[in-house]
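Breakdown of the fold
Chain by chain, the residues run as shown.
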Amino acid sequence: MRQDDFQRRHEAEWAALDEWLALRSRPSRKLRSQDAEAAFGDLEFARAYRRVCQQLAIAERRGYSGVVLERLRMLVHRGHLVLYRPPALRLQAALSFVASGFPRLVRAEWRAMAISALLLFAPMLAMIALLQWRPELVGSVFEPAQLAELEGMYDPDAPHGKLGRESGSDLRMFGYYVYNNVSIGFRTYASGLLAGIGPVFVLMMNGTLIGTAAGHLTAIGHGGPFWRFVVGHSAPELLAIVIAGGAGLGLGMALLAPGRLTRSRALAQAGAVGAKLVLGAFAMLMFAAFIEAYWSSIGSLPDSVKFGSGALIWLAMLGWLALGGRTR
């Protein structure tokens, strides 16, 4: 076959492969919808790459011009870089999971997340409202000694070096908050193995305790220091507990209603999803612990800064979970 005929026969294929490789070299590595129509799909690339390698061998054997050979060699080289590119770095993979993979996974499990949120926030809000009307009901949840300690921590008339705690350095309290938060998240998730009853109990119990503390302090006039302390870290902490609870409910549903799968298979699949959800929730809880130790405890900042920053964190967390990983 003459060189001109060879070029005319394969020109369209070479141009399409060249365009696809150019798109793949972009930093985002995402094909725009209008470009994808003119490019190879990922599954077709291997066949296209094998054909261009064969065409290069034919061109070399027939002694075609250097222009044709150089073009084919460049396509083969660029295709080789794509086909045998090294795996993503661990840090890059972790950042990709946090930025997009984790929010997508949370949205995919939206039913379990909605139930988990209801189990946590319904008793919390109910207790806050109820204690404004019946403040004596706090005694059914907390012992007198616990109430005295709680009131002392948020007494607006008492001198406080740090909000929310009587002593301890920021670093020490950060370690304590990490341990406390992660243990709550782990219990919420792992209790799903109790046929789904565990997360229901843990979520409702935590919602009741948090709501009772908040409602009581608000009712007796200690709400100012309390809300100024919790507003900063409440978003990542509460949302992480909801996500851990949703993952635990997924384990419970795999045991109770495995569908067409065996229970062991359904539990293995739910466990794989749950492990990723809990990994992200733990990262959120560590972030919450950092804010709680180093920011929430600062009592000298004005309310506008405290509540403004808290609102921004809530918006950022909800926006991340709702929009992270979405494609146009």
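Structure's up top.
Summarised in this report is the structure supplied together with it. (Residues numbered from 1 in each chain as written. Predicted model: local features only at pLDDT ≥ 70, side-chain atom pairs only at ≥ 80, totals over all residues. Heavy atoms only, no water.)

1. A short note on the overall build of the chain
Along its length, the chain carries 13 helices and zero strands. The C-alpha atoms of the chain give a radius of gyration of 29 Å, which is well past the 20 Å a tight globule of 328 residues would have. C-alpha atoms of the chain, sized along the principal axes, occupy 95 × 50 × 35 Å. Looking at the 328 residues of the chain, the share that counts as buried comes to 40%. Relative to all contacts within the chain whose residues are 6 or more apart in sequence, the contacts with residues 24 or more apart total 77%. On the chain, roughly 18,400 Å² of surface is accessible, and the fraction owed to carbon and sulfur atoms is 64%. With 34 positive and 24 negative side-chain charges, the chain shows a separation of 11 Å between the mean positions of the two kinds. (Helix = DSSP H or I, 4+ residues; strand = E, 2+ residues; numbered from the N terminus. Rg over C-alpha atoms; globule rule 2.2 N^0.38 Å. Buried < 20%, exposed > 50% of the residue type's maximum accessible area, 1.4 Å probe, protein only. Contact = heavy atoms within 4.5 Å. Areas by Shrake-Rupley, 256 points an atom, 1.4 Å probe, with all protein chains shown as cover. Lys, Arg positive; Asp, Glu negative; His and termini not counted. Charge placed at Lys NZ, Arg CZ, Asp CG, Glu CD.)

2. Things to note about the packing of aromatic side chains
On inspection of all chains with the given rule, the structure shows 11 aromatic pairs. A centroid spacing of 5.1 Å and a plane angle of 50 degrees characterise the contact between Phe6 and Tyr64, whose relative ring orientation is tilted. Taken together, the positions of Phe6 in helix H1 (residues 3–24) and Tyr64 in the loop between helix H3 (42–62) and helix H4 (66–83) put the pair 58 residues apart, joining distant regions of the chain. When the ring centre of Trp133 is taken as origin, the NZ or CZ atom of Arg134, which lies over that ring, is 5.7 Å away. Geometry around Trp295 places Lys306 over its ring, the cationic atom sitting 5.6 Å from the centre. (Phe/Tyr/Trp six-rings, centres within 6.5 Å; stacked < 30°, edge-to-face > 60°. Lys NZ or Arg CZ within 6 Å of the ring centre and 35° of its normal.)

3. Description of the nonpolar core
Residues Leu120, Tyr154, Tyr177, Phe226 and Phe229 are the most contacted members of the largest nonpolar core, which totals 30 residues. At the level of secondary structure, the elements contributing two or more residues to this core comprise helix H6 (110–133), helix H7 (144–153), helix H8 (170–190), helix H9 (197–219), helix H10 (223–230), helix H11 (234–256) and helix H12 (263–296). Ranked by residues supplied to this core, first place goes to H6 with six residues. In contact with Phe226, not counting residues within four places along its chain, are Tyr154, Ala214 and Leu217. Core analysis: the next-biggest nonpolar cluster, separate from the first, contains 23 residues, Ala266, Ala270, Val278 and Ile291 among them. (Core = buried A, V, L, I, M, F, W, Y, C linked by side-chain atoms within 4.5 Å.)

4. Brief notes about the environment of Ser234
Within the secondary structure, Ser234 is located in helix H11. Of the residues examined, Ser234 reaches a relative accessible area of 13% and is grouped as buried. Note: C-alpha distance between Ser234 and Glu292 (58 residues apart in sequence) is 8.8 Å. There is a polar contact of 2.9 Å between the side chain of Ser234 and the side chain of Trp314. (Polar contact = N/O pair within 3.5 Å; in protein donor to acceptor, adjacent residues only side chain to side chain.)

5. Here's the deal with H6
The end-to-end C-alpha distance of H6, which contains 24 residues, comes to 34 Å, matching closely the 34 Å that a straight helix rising 1.5 Å per residue would cover. Listing the buried residues of H6 in full gives Ala112, Met113, Ser116, Leu119, Leu120, Pro123, Met124, Met127, Ile128 and Leu131. For H6, the secondary structure elements touched by its buried residues are helix H5 (90–108), H9, H10, H11 and H12. (Expected span 1.5 Å × (residues − 1).)

6. Considering the environment of His10
Residue position: His10 is located in helix H1. The spacing of His10 and Gly308 is 298 residues in sequence and 62 Å in space, taken between C-alpha atoms.

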